[in-house]
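Each chain is listed here by its residues.
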Amino acid sequence: MSLKPLMFMGQIQAFEREGAKHILDRLWAGGIRQLVLGDLILSTGETRGPSFAPDLGFYEGISRKPPALPPDLEKPSRIFADAVKAAADKGYKVLFHDWGSYPAGCLNDPEQLRFGLARTRETFARYPETHGFVLDGPEWGYEIEPEHRSDVFRCFCEHCQRKAVELGFDLKAIEAAALGMKARLSRLSPKVMRGFMATQTGPFDALDLLLQEPALFDWLRFKTESIQHYVGAHYACVKELGAHLQLACGPRLAAFAPLTGYNFRRLGEVTDFFCPKLYFWQHGIDGLKGTVYRYAKTLMEFNPGVDEQLALDFVFNLYGFTMPGVSSLETLSQPLNREFFEQTVPAEIAKMIFRTGEVERLKPWVGLHHGGVRISSDELSLLLEAITTSGLQSMIYWHYSDMTQDEWQILQRFIA
Ligand SMILES: [Zn+2]
């Protein structure tokens, strides 16, 4: 078929376990020419640590310091460095993901950003064969389930406060508007929800709601500006290290991306490509079915009298997609049907192409699970078909050490 996929090595220990030559030859024979390596964590027995010993000179004046390399990991560290070099020598394009740069707290914390940039500089110094970096996210939350790790109603911390002042936003007013919206979600009667769904709406109806409440619009603008600044700082850093180096970031599915602070058009100015997440599994971390399940369940808990069908239909209307075959929370645990892959997935891909403008700038993550209910081989085939028929030319397969022989056979059928 017609894809040029990148293979994600999510467990770099695999190079020691299986032998770098074996892995590199196997993937090359299957048609893979690009690797994404990360996170850069090694483990042996009880010991876990980074893939290289830090040079603290890179972190002068920064309070967060990188972890030391435990003596047990010195040999795996050398094996990994040799594997990176061998991959580049063989002709692979090598990118890093999760290279230890991710903010430990809020992405508006300037210390975390300084650390992330220092970590990027040091990672390139350690592995000069690299061709670029793929940021994980960064993003703001998009879940309404209380206390969820991706809670949409965060963050209003001191760093966000400082950033808001710098950007000219009133964070107190924004927080009040956000909490007001949260309160309204628990006052949705079946009548209001049905009224929303029975009304034909377009983009100007969203604008109409935001005009009524400018602080809510400011909230979205603040999130977008924060991400633009964070990714932009990494882009400047990476280009300073080498004009040939690329930077990418990873939005959610197009339906959720604006709520997480992503504006593809603006972010295109400070990235070389995007890796939106085509993650559809139930439960676990951040699959589409899990998110729909949590939204519907939370709306029902907030609003007595709302049944499963109404809650699900409301979520589909809100985000502008459908899930053929999903008519109850229980059906979210069953495999996705052919119609989903022939209608919903191409529609979401079309949205990301429309917002990005260039199909060459899209290399979505494709994964089968992250905990939760694994996507089957049949669903993987349908998903890859949807990707190719939608005109995408590339993707990142998540991940090598999780891949069965059956899945590898399926993937190879789609490689150009
Ligand atoms: Zn914050």
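Scoring rules and cut-offs
Residues numbered from 1 in each chain as written. Predicted model: local features only at pLDDT ≥ 70, side-chain atom pairs only at ≥ 80, totals over all residues. Core = buried A, V, L, I, M, F, W, Y, C linked by C-beta atoms within 7 Å. Buried ≥ 20, exposed ≤ 12 C-beta atoms within 10 Å, placed from the backbone. Contact = placed C-beta atoms within 7 Å. Pairing = 2+ DSSP bridges. Helix = DSSP H or I, 4+ residues; strand = E, 2+ residues; numbered from the N terminus. Expected span 1.5 Å × (residues − 1). Axes fitted to C-alpha atoms, helices over the stretch in contact; angles between N-to-C directions. Left-handed = near helix turned anticlockwise from the far one by under 90°. Nonpolar A, V, L, I, M, F, W, Y, C, P; charged D, E, K, R; others polar. Parallel < 35°, antiparallel > 145°, perpendicular 65-115°, else oblique.

### Considering the nonpolar core
Met 7, Phe 8, Leu 35, Val 36, Val 292, Leu 383 and Ile 396 are the most contacted members of the largest nonpolar core, which totals 100 residues. In this structure, Val 292 is in contact with Leu 312, Val 315, Met 323 and Leu 332, ignoring residues within four places of it in sequence. Leu 171, Ala 215, Trp 219 and Phe 222 belong to the second largest nonpolar core, which has eight residues in total.

### Focus on the pairing of strand β4 (residues 47-50)
Across four bridges, the pairing between strand β3 (residues 41-44) and β4 is antiparallel. Bridging from a neighbouring strand, Ser 43 pairs with Arg 48 of β4. Counting the residues in the hairpin turn of β3 and β4 gives two residues, including Gly 45, whose phi is positive at 55 degrees.

### A few points about the environment of Cys 249
As for its placement among the helices and strands, Cys 249 is situated in strand β7 (residues 246-249). For the pair formed by Cys 249 and Pro 364, sequence separation is 115 residues and the distance between their alpha carbons is 10 Å. Filtering out sequence-adjacent residues up to four positions away, Cys 249 remains in contact with Leu 135, Gly 137, Val 231, Leu 267, Thr 271 and Phe 274.

### A look at helix α14 (residues 377-389)
Compared with an ideal rise of 1.5 Å per residue, which puts 13 residues at 18 Å, α14 spans 18 Å between its outermost C-alpha atoms and is within 8% of the ideal. Within α14, burial applies to Leu 380, Leu 382, Leu 383, Leu 384, Ala 386 and Ile 387. Summarising the contacts, the buried residues of α14 are in contact with β9 (277-278), α13 (338-356), β10 (365-367) and α15 (405-413). One or two residues past the end of α14 sits Gly 391, with phi positive at roughly 95 degrees.

### Some details on unusual backbone geometry
The step from Arg 154 to Cys 155 runs through a cis peptide bond, and the omega angle for that step is 15 degrees. Topologically, Cys 155 is positioned in the loop between β6 (132-134) and α5 (158-167). Of note, the bond from Trp 398 into His 399 is cis; its omega dihedral lies within 30 degrees of zero at -10 degrees. Considering the arrangement of structural elements, one finds His 399 in the loop between β11 (396-398) and α15. In this structure, His 283 is a non-glycine residue whose phi angle is positive, near 60 degrees. Relative to the helices and strands, His 283 is located in the loop between β9 and α11 (288-302). Of note, the phi angle at Asp 286 is positive, near 60 degrees, even though the residue is not glycine.

### Considering the sheet that holds strand β8 (residues 273-274)
Taken in spatial order, the nine strands of this open sheet run β8-β7-β6-β5-β2-β1-β11-β10-β9, and their pairing is parallel. A single partner strand is all that each edge strand has here, and the edge strands are β8 and β9. Where β6 and β7 come together, three bridges link them in parallel fashion. Paired with Phe 133 across the bridge in β7 is Leu 247.

### Points about the packing of helix α2 (residues 20-29) against helix α3 (residues 74-90)
Running from N to C, α2 and α3 point in directions that differ by 30 degrees, and their axes come no closer than 10 Å. Where α2 crosses over α3, the handedness of that crossing is right-handed. Counted together, Ala 20, Leu 24 and Trp 28 of α2 and Asp 82, Ala 83, Ala 86, Ala 87 and Lys 90 of α3 form the full contact between these two elements. Across the contact of α2 with α3, the residue classes break down as six nonpolar, no polar and two charged.

### Thoughts on the packing of helix α7 (residues 190-198) against helix α12 (residues 308-319)
Here α7 crosses α12 at 40 degrees, and the two axes come no closer than 10 Å. One element, α7, and the other, α12, form an angle in the oblique class. In the packing of α7 onto α12, the handedness of the crossing is left-handed. Facing Pro 190, Met 193, Phe 196 and Met 197 of α7, the residues of α12 in contact are Leu 310, Asp 313, Phe 314 and Asn 317. Across the contact of α7 with α12, the residue classes tally to six nonpolar, one polar and one charged.

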